[in-house]
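Understanding the architecture of this molecule
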Amino acid sequence: MKWQGIPYAKHWVTQEDIRGVCDILSSDFLTTGPVAQIFENRLCELTGAGYAIVCANGTAALHLACMAADIHDTDLGVTSPNSFLASANCIEFCRGRTDFIDIDLSTLCMSPDKLETYCREQAVPRVVIPVDFAGLAPDLPRFRALSKEFGFLIIEDAAHALGSTYSFEGNTFACGSCAHSDMAIFSFHPAKTITAGEGGAILTNDPDLAERLRLLRNHGMVRNQDPKTPWDGPWYYEMDTLGYNYRITDFQCALGISQMDRLGQFKARRNQIVSLYNQAFHGNTQLILPPEGLATDACPHLYPLQLANGKEARLALYKALHARGIHCQIHYIPIYWQPYYAKKYGYEKGKCPGAETYYSRTLSLPLYPAMSDDQVQEIIDAVLANL
Ligand SMILES: Cc1ncc(COP(=O)(O)O)c(C=O)c1O
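Anyway, here's the lowdown on the structure attached to this text.

Procedures and definitions
- Residues numbered from 1 in each chain as written.
- Predicted model: local features only at pLDDT ≥ 70, side-chain atom pairs only at ≥ 80, totals over all residues.
- Heavy atoms only, no water.
- Helix = DSSP H or I, 4+ residues; strand = E, 2+ residues; numbered from the N terminus.
- Rg over C-alpha atoms; globule rule 2.2 N^0.38 Å.
- Buried < 20%, exposed > 50% of the residue type's maximum accessible area, 1.4 Å probe, protein only.
- Contact = heavy atoms within 4.5 Å.
- Areas by Shrake-Rupley, 256 points an atom, 1.4 Å probe, with all protein chains shown as cover.
- Lys, Arg positive; Asp, Glu negative; His and termini not counted.
- Charge placed at Lys NZ, Arg CZ, Asp CG, Glu CD.
- Core = buried A, V, L, I, M, F, W, Y, C linked by side-chain atoms within 4.5 Å.
- Pairing = 2+ DSSP bridges.

1. A few points about the overall build of the protein
The number of helices and strands found in the protein is 13 helices and 14 strands. The C-alpha atoms of the protein give a radius of gyration of 21 Å, which matches the 21 Å a tight globule of 387 residues would have. Considered along the principal axes of its C-alpha atoms, the protein spans approximately 75 × 55 × 45 Å. Looking at the protein as a whole, 53% of its 387 residues qualify as buried. For the protein, contacts bridging at least 24 residues in sequence account for 71% of all contacts bridging at least 6. If you sum the accessible surface of the protein, you get close to 17,100 Å²; carbon and sulfur atoms cover 51% of it. Positive and negative charge centroids in the protein, built from 32 and 42 side chains respectively, lie 5 Å apart.

As structure tokens, then:
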């Protein structure tokens, strides 16, 4: 099936990618095997993290990370309201209690100041899940300083940020490096920077967390590895912890590895498109451009353009672009507006004014590396003609 018009995101799969997948389809391993391990090593090389555990998708990665963080029975977890549902749902999967810390309009990510106030005046969460919105890391070093003071764990939701970096005290860190977090996750959904069809990964520098994550990914099963142990026989396995089947196949990992070979190319093209948009819209008082950080060493995942005139102007532009086959999207409806969260916790509109202001006027323009310059120009012309 083909897209009609210009989608907001699209994978880019080449014949080489297809060959890589087909080679695995005719090999002896289909499910998580040696190729998954190669993919994990590549993720470690890219980010500098000590351990990577690949799994079924980014949502599974978040769930595994929350289980490894031992979230259970009303333990408090907080995340950004400006994210996909999964950033919060993972706390709920563990029967934790979910709350939301507002964003800074300058980064569109969770505000460290607001988190600090929350910890001092309301409650100290067990886990904080900051989200690298659109490919831009929030102030992770500041979150790390707060975690040292208050004792919470940090899971960086880097689903948007494979290939992005951030700077701190003159050093550069990869998103997902866990230099300032306990765990980080990626998603390999086709809308993301690289794809495995579906897929996800958790990264960490903590060997105990890595071991637990591997265990939880595969039903919590431990096989009898020591012939001297008094188990029932060499076939025996035990399950002491409830885990899941969150495995990923080796042929998906082959696609992920092949795509990683082109990450530099994807990043360069994404940045070129962002520059073209920025140049065209710069100085237009009706438009608020994405955070400046996206123009540094980020690998931009989205181009969230805000309409200074707000909700009505956004709706009109959304409709005009869709009528021309330009499938812009809205990222994101504040998560706590969802009836599930509103009913369960009594969260009301007005709770996070930053996320709500941003939501009321934002629209993500198409951004993916296979877009042609002509398509970018078509979108720019359509935006400027419909303000
Ligand atoms: C910020 C964020 N976190 C987590 C996820 C979940 O990833 P997946 O779709 O691979 O389950 C997504 C996917 O859209 C996302 O955008």
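Picking up after the structure, the text goes on.
2. Observations concerning the nonpolar core
F39, L43, V54, L115, F152, F188 and I194 are the most contacted members of the largest nonpolar core, which totals 44 residues. Ranked by residue count, the leading element in this core is helix α2 (residues 34–47), at five residues. Apart from residues no more than four positions distant in its own chain, L115 is found in contact with V78, I101, M110, V128, F143, L146 and F152. One finds C66, A159, L213 and Y246 within the second-largest nonpolar core, a separate group that totals 29 residues.

3. Side note on the sheet that holds strand β12 (residues 287–288)
Pairing within the open sheet is antiparallel, and its three strands lie in the order β12-β13-β14. Each of the sheet's edge strands pairs with one partner strand only, and the pair in question is β12 and β14 (362–365). Of the pairings in the sheet, the one linking strand β13 (residues 303–307) to β14 comprises four bridges and is antiparallel in character. What sits directly across from Q306, in β14, is T362.

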